[in-house]
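Residue-level structure breakdown
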Amino acid sequence: MPAQGIKLTPKHYAYLKISEGCNHRCTFCIIPSMRGDLVSRPVGDVLREARTLFEAGVKELLVVSQDTSAYGVDVKFRSGFFDGRPVKTRMVELCEQLAKLAEPHGAWVRLHYVPVSARRRTAALSCPAAPCCRTSTCRCSTRTPTCSGA
Ligand code: SF4
């Protein structure tokens, strides 16, 4: 069996599951009753799988879960380890590490199932100088006078 496992997708893209379940209870949705509450995969395991996929030729990595923005909430964003270094089980750190892994392979990473509010928070956290989400309705704690729409 190849190192990246058996893939059912074409060689150039792959799905990377980072968690299972969901803590929300949208009235129309059966997923929480089928899959239960959010359970995040260890960040080290996720990053090792991503590296293996990139090394196998994947050019587009599709990050999936029921609620991608909630990654790590269930484990209180605890630190895991990747290549001997601590990495928080949190979306921002996961994105930073995936970007580093993708870059040498000319690959890109696409996040699925991220609510707009979480995208704004992530942008703000990863960009200390703003302009983060560029909207006047921004509620993030890192908002500064230089933010657009201030
Ligand atoms: S999986 Fe999506 S739609 Fe279903 S309860 Fe969670 S957030 Fe709501």
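All values reported here derive from a predicted model rather than from experimental measurement.

As a further point, take the environment of lysine 88. Note on placement: lysine 88 falls in strand 6 (residues 85-88). The exposure class assigned to lysine 88 is partly exposed, which follows from its relative accessible area of 35%. It is 5.6 Å that separates the C-alpha atoms of lysine 88 and arginine 78, two residues lying 10 residues apart in sequence. Once residues lying within four places of it in the same chain are set aside, the contact partners of lysine 88 are Val43, Phe77, Arg78, Ser79 and Glu93.

With that out of the way, let us pick up the site of the ligand. The local shell around the ligand consists of Cys22, His24, Cys26, Phe28, Cys29, Ile31 and Pro32. The residue inventory of the shell around the ligand, partitioned by class, reads six nonpolar, one polar and no charged.

Attention now goes to the pairing of strand 5 (residues 79-82). By the alternation rule, side chains of strand 5 split into Gly80 and Phe82, which are all buried, and Ser79 and Phe81, of which none is buried. Pairing of strand 5 with strand 6 involves four bridges; the strand directions are antiparallel. Across the sheet, serine 79 pairs through a bridge with lysine 88, a residue of strand 6. Counted along the chain from strand 5 to the antiparallel partner strand 6, the turn is two residues long, and its residue aspartate 83 has a positive phi close to 55°.

Let us look at the pattern of salt bridges. Tallying each qualifying case throughout the model produces eight salt bridges. Its salt-bridge partner being arginine 48, residue aspartate 45 comes within 2.9 Å of it at the nearest N-O pair. Residue aspartate 45 and its partner arginine 48 are located together in helix 2 (residues 43-55), separated by three residues, close to a single helical turn. The exposure class assigned to arginine 48 is partly exposed, which follows from its relative accessible area of 38%. Sharing partners across several salt bridges, the network here consists of Lys17, Glu20 and Arg35.

Right, let's get into the side chain of serine 40. Note on placement: serine 40 falls in strand 3 (residues 39-40). A distance of 2.9 Å separates the side chain of serine 40 from the backbone nitrogen of glycine 72, its partner in a polar contact. Within the local environment of serine 40, its side chain forms a polar contact with the side chain of aspartate 74, the two groups lying 2.6 Å apart.

Glancing now at the side chain of serine 69. Structurally, serine 69 can be placed in the loop between strand 4 (60-64) and strand 5. Here the side chain of serine 69 touches aspartate 67 through a polar contact of 2.8 Å, side chain to side chain.

It is worth spelling out the environment of proline 104 at this point. The residue proline 104 is located in the loop between helix 3 (91-102) and strand 7 (108-111) in this model. In this structure, the C-alpha to C-alpha distance between proline 104 and phenylalanine 54, residues 50 residues apart in sequence, is 9.2 Å.

The rules behind these values
- Residues numbered from 1 in each chain as written.
- Predicted model: local features only at pLDDT ≥ 70, side-chain atom pairs only at ≥ 80, totals over all residues.
- Heavy atoms only, no water.
- Helix = DSSP H or I, 4+ residues; strand = E, 2+ residues; numbered from the N terminus.
- Buried < 20%, exposed > 50% of the residue type's maximum accessible area, 1.4 Å probe, protein only.
- Contact = heavy atoms within 4.5 Å.
- Near = heavy atom within 4 Å.
- Nonpolar A, V, L, I, M, F, W, Y, C, P; charged D, E, K, R; others polar.
- Pairing = 2+ DSSP bridges.
- Salt bridge = Lys/Arg side-chain N within 4 Å of Asp/Glu carboxyl O.
- Polar contact = N/O pair within 3.5 Å; in protein donor to acceptor, adjacent residues only side chain to side chain.

Read these as geometric descriptors, not functional statements.
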